[in-house]
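Per-entry structural report
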Amino acid sequence: MTRKGRRLALIGSSLAVVAVALGLVLFAMRSNVTYFFSPAEIVEKNVAPGTRLRVGGLVKEGSVKKESGQKVVFAVTDTTRDIAVTYVGLLPDLFREGQGVVVEGVLDSHERFSATTVLAKHDETYMPREVADSLKKQGHWQGEAKAGAEAGSAPKK
Amino acid sequence: MIVEVGHFALVLALAMAIVQSLVPLWGAARDDEAMARVGAPTAVAQCLLVTISFLALTWAYMTSDFSVENVVANSHSAKPLVYKISGVWGNHEGSMLLWVLILALFGAAAALFGRDMPLKLRANVLAVQGMVSVAFLLFILATSNPFARLVPAPAEGRDLNPLLQDPGLAIHPPLLYVGYVGFSIAFSFAAGALISGRIDAAWARWTRPWVMIAWIFLTLGIAMGSYWAYYELGWGGFWFWDPVENASLMPWLSGTALVHSIIVMEKRDALKVWTLFLAIVTFSLSLLGTFLVRSGVLTSVHSFATDPQRGVFILAILVIFIGGALALYAWRAPMLKQGGIFAPISREGALVLNNLLLSACTATVFVGTLYPLALEATTGEKISVGAPFFNLTFGPLFLPLLLIVPFGQALAWKRGDLAAVTQRLIFAGVAALILVGLLWAVTSGESVLAILGAGLALFVIVGSIGEVIGRVWRKGVSLPLALRRAVGLPLSAWGTAFAHAGLGVSLLGLAATGWGVEKIVTVKIGEIVPIAGYEVRVRALEPRAEANYSETVAAMDVLRDGVKIADITPSKRLYTTRQMPTTEAGIATIGFGQVYVALADDAGPDRVGMRLYWKPLVLLIWIGSLVMAFGGALSLADRRMRVGVARRAPARLAPAE
């Protein structure tokens, strides 16, 4: 093979790999990323049922019900709106009423959500940042300890 | 007093590092030999001072000195001694101190083992290494002082995060850091070569052992972290494509590319400019990983505290070093003498393909990890990029790479014969096809990906081991002769075979996850739950109290055909100081597979909820990583790879310009 041919082979294969990688990334970006919303944003942005997404907020006080098998139903609230979440499986260690939570799954309607994953905070100094942000945005951020107590009460405007 | 000595030693280490980063550089530029020689003693002195500082902090932890803020926040007098010691790096400040300690150790090692390098190159390398030290020592002293005192001193500490009270913490961070920071040497060598303006095969010989050491430790560190997450978090998963995990995967991928490209540089004096680039990129990705984990940009078990000031500081370090190195590269690299271009069908051609694919893999992980951060910073939109994205992008790029591994290993340098190599690999190919056929028949075609993955894994294993066997034995060769030849084969050939086979073993473990079984059940005491040919029975539920936690333990039996084969004790713990519950999984190892049980919250007096898994061949994932690291170690032990051997290289180091 001539020197020119070798150089062409090198450049050609580099371009091919780059093109394939770029194509894969662009393709995967279209359908395999999950958006994060608070219950209020779901209504605000009119998210279509059947969409895969992450919803974050606080577990509403008094809303956790364990049903048959390992099915759990609870409400996630951002204090303006709630969404009812169904989940089958073991809840994380730090899942508690009044605490921050992020659920990932499929939106059934603007009021109902089927979760496949439930994420709670790792320890008491950590809250999913998305939850902290959405609480801050609505003026309900009072530090970790109080955030839970706030959630049950009516939103103050 | 000891604590103050530690703090003072750290300040002195900074002074030493400043001298180390300026004087040798100046000396090399001005041809002043005395000044150029300053690098080595300062590197060693800096290392000693950081060691003193680290030992002082360790002492504060061992003696539970609660007048030190860091100890109060992360320790407790009732904690076992081993967790007191590992608690030193179980927090932000201490882990940064460990980072700097390892950096200083590598700097000192490079100074001691590099005596036979050309003086100018050595001076420049140590100077760059010193600059990295200066940045991180400044970072610790300015924003993350682990020696800050607390007045008045409380009587008791706040304890360490219970998830970290595990032997995993003693092992995982030091291994990972040796890997991360080890690439700093490659970075310094690259920058040193760019400053000196000369680069040749001898450079590759000096750099390669360091790259190999870093790669071995990074491999072990990632594997250890993954196994730790698997048994400690109680989710039954071992890799979540979490940004923090990706942060360690990126330098591993580009480091793997570097390990391969540097061979081409050493053997064929080619790919020189590219190898320099990879060396810079790999350490840059290590820095990026440190930034992602330590700045609080991401929240995870790894981010101990969030302080915006720290984030900005590390970001500045990142910009200065990556930007500086790339600018230096853009300026000097065109002046370096390029290597030749070679035939596509050859060992070096295959290694180029390896580098292309690995770089593409690194890039997709990079995009998937950083795109959400960039999007949120620019538009405020929040997205998460998880496993589906990476499976779709990383998978199709990594799997073909595995397919070419045995080919690359078997091809000759300069001009390879693809037909002959294919012929030699027919045995491995047939073995893989038979396995695929068998699995297809047994599982009646379920989980196609798992079957194909297993086939590919077998092809890689048989192909890589078969290649060395083919070199020592063929029909008609007697066994003693074959053994003599096997002993005579260079260790690096064995190293390659083991590292590649380890990759196949890991892939086999990953493929087998496709046949895993998962069950979520609530069981009464005495009830038998079948899972994948085994049965699990709860014998009793017992409350238990330890020094720093209380727990509910489910004493369980694992049975096969009604016969007990293992005892497991999954439990639910509550750590008293932090009021934090954790799940301790119960794991029974059967062959290479595991029965894995994690308890749920709702244990009653006579019943308990649990998640049961059967994980076939799961141990192979980590055993494969150990085999890979072993391969790396064999290669490192090769006579030709030993640090300092490069001195026997021909001394024709003509300037490149």
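Report on the accompanying structure. Here the structure is a predicted model, which is why all the values come from computation and not from measurement. (Residues numbered from 1 in each chain as written. Chains lettered and ligands numbered in written order. Predicted model: local features only at pLDDT ≥ 70, side-chain atom pairs only at ≥ 80, totals over all residues. Heavy atoms only, no water.)

A short note on the overall build of chain A
Threshold: A run of H or I in DSSP counts as a helix once it spans at least four residues, and a run of E counts as a strand once it spans at least two, with each numbered from the N terminus. Exposure classes here rest on a 1.4 Å probe applied to the protein chains alone. A residue is buried below 20% of its type maximum, exposed above 50%, and partly exposed in between. Contacts are assigned to residue pairs with any non-hydrogen atoms lying within 4.5 Å of each other.
What chain A contains, in helices and strands, is four helices and seven strands. Its helices and strands in sequence order give chain A the pattern α-β-α-β-β-β-β-β-β-α-α, from N to C terminus. By the burial criterion, 48% of the 157 residues in chain A qualify as buried. Considering only contacts within chain A whose residues lie at least 6 apart along the sequence, 54% involve residues at least 24 apart.

Looking at the overall build of chain B
What counts is decided by this rule: Within these notes, the globule rule equals 2.2 Å times the number of residues to the 0.38 power, and the radius of gyration is based on C-alpha atoms. Every accessible area reported is derived by Shrake-Rupley at a probe size of 1.4 Å, with residue values counting cover from the shown protein chains alone.
Within chain B one finds 20 helices and 11 strands. Expected size for 657 residues packed as a compact globule is a radius of gyration near 26 Å; at 27 Å, chain B falls within 12% of this value. In chain B, which comprises 657 residues, the share counted as buried stands at 59%. Relative to all contacts within chain B whose residues are 6 or more apart in sequence, the contacts with residues 24 or more apart total 74%. Summed over its atoms, the accessible surface of chain B is roughly 25,700 Å², and 68% of this surface lies on carbon and sulfur atoms.

Topic: the interface of chain A and chain B
Selection rule: Computed with a 1.4 Å rolling probe, the buried area is the accessible surface lost when two parts are put together, summed over both parts. Only one rule defines a salt bridge in this text: a Lys or Arg side-chain nitrogen within 4 Å of an Asp or Glu carboxyl oxygen. Throughout this description, a polar contact denotes any pair of N or O atoms lying within 3.5 Å of each other; where both atoms belong to protein, one of them has to be capable of donating a hydrogen while the other can accept it, and for residues adjacent in sequence the pair is counted only when both atoms sit in side chains.
Residue-level contacts link 40 residues of chain A with 49 residues of chain B. Between chain A and chain B the total buried area reaches about 3,800 Å² when both faces are included, carbon and sulfur atoms providing 62% of it. One can count zero salt bridges joining chain A with chain B. The interface formed by chain A and chain B holds three residue pairs in polar contact (both at pLDDT 80 or more) in total. Elements with a minimum of two residues in the side of chain A that touches chain B: α1 (3-31), β1 (33-37), β5 (82-88) and α3 (129-137) of chain A. Ranked by residues supplied to the side of chain A that touches chain B, first place goes to α1(A) with 15 residues.

Some details on a nonpolar patch on the surface
Under the convention used in this document: Nonpolar side chains (Val, Leu, Ile, Met, Phe, Trp, Tyr) are joined into patches within 5 Å and like charges within 9 Å, using only residues with over 30% relative accessible area and no salt bridge.
There is a patch of nonpolar side chains on the surface, built from B:I426, B:V430, B:I434 and B:L438 and spanning about 370 Å² of accessible area. Relative to the helices and strands, B:L438 is located in helix α16 (residues 426-443).

With respect to the packing of aromatic side chains
Residues and elements named next belong to chain B. What counts is decided by this rule: Pairing of aromatic rings covers Phe, Tyr and Trp, the last counted by its six-membered ring, and requires centre-to-centre distances within 6.5 Å; plane angles under 30 degrees mean stacked, over 60 mean edge-to-face, and any other angle means tilted. In our convention, an over-ring charge means Lys NZ or Arg CZ found within 6 Å of a ring centre and within 35 degrees of that ring's normal.
Under the definition given, this model contains 28 aromatic pairs over all chains. Taken together, a centroid distance of 4.2 Å and an interplanar angle of 25° make the contact between W99 and F136 stacked. A residue pair is termed long-range when its members are at least 10 positions apart, and W99 in helix α6 (residues 92-113) and F136 in helix α7 (residues 119-143) qualify at 37 residues. Like W99, the residue F136 is buried in the burial classification. Among the aromatic side chains, those forming a connected cluster through ring pairs are Y227, Y230, Y231, F238, Y596, Y613 and W622. For K615, the ring lying beneath its charged end belongs to Y613, and the centroid distance is 4.7 Å.

A word on the sheet that holds strand β2 (residues 517-524) of chain B
All names here are of chain B. The criterion, for reference: Strands were regarded as paired on the criterion that DSSP finds at least two bridges between them. Orientation is described by axes fitted as lines to C-alpha atoms, over the contacting stretch for helices, and by angles from 0 to 180 degrees between their N-to-C directions.
Spatially, the four strands line up as an open sheet ordered β2-β11-β10-β9, and their pairing is antiparallel. The sheet is open, and its two borders are formed by β2 and β9 (586-590), each paired with just one other strand. Geometrically, the sheet is characterised by an average inter-axis angle of 20° between neighbouring strands, direction not taken into account. Where strand β10 (residues 593-599) and strand β11 (residues 607-615) come together, six bridges link them in antiparallel fashion. Paired with V597 across the two strands is L612, which belongs to β11.

As for helix α1 (residues 2-30) of chain B
Side chains of residues three or four places apart in an α-helix project in the same direction, reflecting 3.6 residues per turn. Residues and elements named next belong to chain B. Test applied: Any helix carries an expected span of 1.5 Å times its number of residues minus one.
For α1, spanning 29 residues, the distance from its first C-alpha to its last is 42 Å, which sits close to the expected 42 Å at 1.5 Å a residue. Every buried residue belonging to α1 is among V3, G6, A9, L10, A13, L14, A17, Q20, S21, P24, G27 and A28, and all of these are buried. Here the buried face of α1 lies against α2 (33-36), α3 (39-62), α6 and α7. D31, located one to two residues past α1, shows a positive phi value of around 60°.

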